[in-house]
Amino acid sequence: MTLLIPFSRFRQAFDHVGTWMNRMCGQRRPLRYWLKANRHALIWSAATHKFSGPGWELLLRELTESRFLLIGEDHGTQQTVAFTRALALAFEPALYVTEIDPYQAKELVELTARPGLPTDYLHHHPEGLSIYGWAEEFELARLLSSRQVQILGIDQVFLASTGPLYARMAKLANSPRAKAYLEHWAAVYQMQDCQAQQSAVTEFSMYTHSAEDLAKLLAVTAAEGPTVHRMAQDYVLSHNIYRLQLAGTGGHQQRVNLLKRNLLNGLRPYQQTVEQPLPKLLVKLGALHVARNISPLVIGEYFDVGNLIQNLADAQDHKSLHLFVVGRQGTKAVALQPEDPAQRVLSYQMDAIPFLLNFTSPKSSAFAWEVIDLRPARQAFWQGNLRLADQDSLRTVLGYDFLVVVPETTACRVY
């Protein structure tokens, strides 16, 4: 008996084999090929503090379809803050997730509600607000707070904020013994950290605690109720993370896990059931934290906060939008440096991170902002059509939707 195969079925099989053969026979193309038609100009007006141009219109269209907006940055530049501000006004988030600890976030909200700048607070607690000791970041927080956007800090207890944290615990403590203990050490540690700040050494009090010091803190706060004891536990955990990082024996995974837990705890009041939609989130963290896949620039396999947020979006049939903002050159503010203003600003070139040069175009103006849509390159990779050996470049393509290139950055101003 002769078996007759319809020609249409034969053609489908032939096409499938042809596609496979094309992939196997050199049809994979380099990154520049997939990016060449996906560069969009972004126009910034310093006079009006507004953005325009094809790149801006593209981002606005994506915002209308997104529930969560993530901005990955290299901290300390005025341009990234201005970009975030413009996106925030268009996006209108309910929560602003930022890279400070939950207790700094409470302090920040209180300070932004007062008139003027937090110069007096920072005089007594240098670096006590972390990145919000920079003028542009503080004014962004004030703007968001004035628009009833809740500020959610998800980081570990900051290295230079031991004094303020002990003082906050002392205010909440009930027993005279615990209050006196916490007030005493708040003053001692504050003086030690100020001296460390002035001399640019690493002898911050959080580094120098003994095991007995930490055990005493937990014992003193154990009977002070869940809030104070939780603050003490958070402090001890942060101490352990910093010690591992300083020793070069770990700490990064523990910190990433803490960031995720703090985010989930912060979202808990907004979601009584899993079906209840989460509020709109604006997230601004260091760039490696907001990738939706394995983080770039970190050796090892780390799935960071951006990966968790995409999972949360997927679980509710929503969309997360992941941006990576990078400067070609310029200056940026640096934290935990001596109080000499000249040492608190760092100059840099994009060449310092060579893999980013894979995304720049020789034809692009060095004086223009640019929005690079990475999604076509990502799709090409999943289809087997992208040739890219550099792992940081590949992780960037897989981790972010857009790369926003700033021609030249200016360091945030220190109060």
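A. Local environment of the overall build of the protein chain. Each helix and strand counted, the protein chain has 16 helices and 13 strands in total. Considered along the principal axes of its C-alpha atoms, the protein chain spans approximately 95 × 60 × 40 Å. For the protein chain, the residues scored as buried account for 51% of the 415 residues in total. Nonlocal contacts in the protein chain, meaning residues at least 24 apart in sequence, comprise 76% of its contacts between residues at least 6 apart. Approximately 20100 Å² of the protein chain is accessible, and the part contributed by carbon and sulfur atoms is 56%. For the protein chain, the distance from the average position of its 40 positive side-chain charges to the average position of its 38 negative side-chain charges is 7 Å.

B. Expanded view of the packing of aromatic side chains. Considering all chains together, one arrives at 14 aromatic pairs under this definition. Between phenylalanine 51 and tryptophan 369, the ring centres sit 5.1 Å apart and the planes meet at 75°, which makes this aromatic pair edge-to-face. Taken together, the positions of phenylalanine 51 in strand S3 (residues 50-52) and tryptophan 369 in strand S11 (residues 369-373) put the pair 318 residues apart, joining distant regions of the chain. Given the relative accessible area of 7%, phenylalanine 51 is considered buried. With a centroid separation of 6.4 Å and an interplanar angle of 40°, the aromatic rings of phenylalanine 83 and tryptophan 369 are classed as tilted. Remark: tryptophan 369 occurs in strand S11 and phenylalanine 83 occurs in helix H4 (residues 78-91); sequence separation between them is 286 residues. You can call phenylalanine 83 buried: its relative accessible area is 0%. Owing to a relative accessible area of 9%, tryptophan 369 belongs among the buried residues under this scheme.

C. Highlighting the pairing of strand S8 (residues 320-327). With 8 of 8 residues buried, S8 lies mostly within the body of the structure. Sheet analysis places strand S4 (residues 68-73) next to S8, joined by 5 bridges and oriented parallel. For isoleucine 71, the partnering residue across the bridge sits in S8 and is leucine 323. Note: S8 against strand S13 (residues 402-406), 5 bridges, orientation parallel.

D. Spotlight on the nonpolar core. Residues Leu69, Phe83 and Leu323 are the most contacted members of the largest nonpolar core, which totals 43 residues. In terms of residue count, the dominant contributor to this core is H4 (6 residues). Once residues within four sequence positions are removed from consideration, phenylalanine 83 is found in contact with Leu42, Phe51, Trp56, Leu59, Leu323, Val325, Trp369 and Val404. The next biggest cluster of nonpolar side chains, apart from the first, holds 42 residues, and it includes Trp34, Phe68, Ala291 and Ala377.

E. Summary view of the sheet that holds strand S5 (residues 95-98). Reading across the sheet, the 9 strands line up as S3-S2-S11-S13-S8-S4-S7-S5-S6 and stay open at both edges, with mixed pairing between neighbours. Every interior strand has two partners, whereas the edge strands, S3 and strand S6 (150-153), have only one. Across the sheet, the axes of successive neighbouring strands diverge by a mean angle of 20°, strand direction being ignored. Here strand S2 (residues 39-45) pairs with S11 via 4 bridges, running antiparallel. Considered in S11, the bridge of histidine 40 is made with valine 371. The sheet contacts of helix H7 (residues 135-146) involve S4, S5, S6 and strand S7 (281-286), and relative to S5 the element is tilted by about 155°.

F. Quick look at unusual backbone geometry. Although it is not a glycine, glutamate 127 sits at a positive phi angle of roughly 65°. With respect to the secondary-structure elements, glutamate 127 resides in the loop between helix H6 (119-124) and H7. At serine 130, a position not held by glycine, the phi torsion is positive, near 55°. Here serine 130 is to be found in the loop between H6 and H7. We classify serine 130 as buried; its relative accessible area is 9%.

G. Just the packing of helix H8 (residues 162-172) against helix H12 (residues 226-247), in detail. Across the interface, H8 lies against H12 with an axial gap of 9 Å and an inter-helix angle of 160°. One element, H8, and the other, H12, form an angle in the roughly antiparallel class. With respect to the hand of their crossing, H8 and H12 are arranged in left-handed fashion. When H8 is examined against H12, the residues Thr162, Leu165, Tyr166, Arg168, Met169 and Leu172 are found in contact with a partner set consisting of Thr227, Val228, Met231, Ala232 and Tyr235. Grouping the constituent residues of the contact of H8 with H12 by class yields 8 nonpolar, 2 polar and 1 charged.

Here is what the cut-offs are and how they apply
- Residues numbered from 1 in each chain as written.
- Predicted model: local features only at pLDDT ≥ 70, side-chain atom pairs only at ≥ 80, totals over all residues.
- Heavy atoms only, no water.
- Helix = DSSP H or I, 4+ residues; strand = E, 2+ residues; numbered from the N terminus.
- Buried < 20%, exposed > 50% of the residue type's maximum accessible area, 1.4 Å probe, protein only.
- Contact = heavy atoms within 4.5 Å.
- Areas by Shrake-Rupley, 256 points an atom, 1.4 Å probe, with all protein chains shown as cover.
- Lys, Arg positive; Asp, Glu negative; His and termini not counted.
- Charge placed at Lys NZ, Arg CZ, Asp CG, Glu CD.
- Phe/Tyr/Trp six-rings, centres within 6.5 Å; stacked < 30°, edge-to-face > 60°.
- Pairing = 2+ DSSP bridges.
- Core = buried A, V, L, I, M, F, W, Y, C linked by side-chain atoms within 4.5 Å.
- Axes fitted to C-alpha atoms, helices over the stretch in contact; angles between N-to-C directions.
- Parallel < 35°, antiparallel > 145°, perpendicular 65-115°, else oblique.
- Left-handed = near helix turned anticlockwise from the far one by under 90°.
- Nonpolar A, V, L, I, M, F, W, Y, C, P; charged D, E, K, R; others polar.

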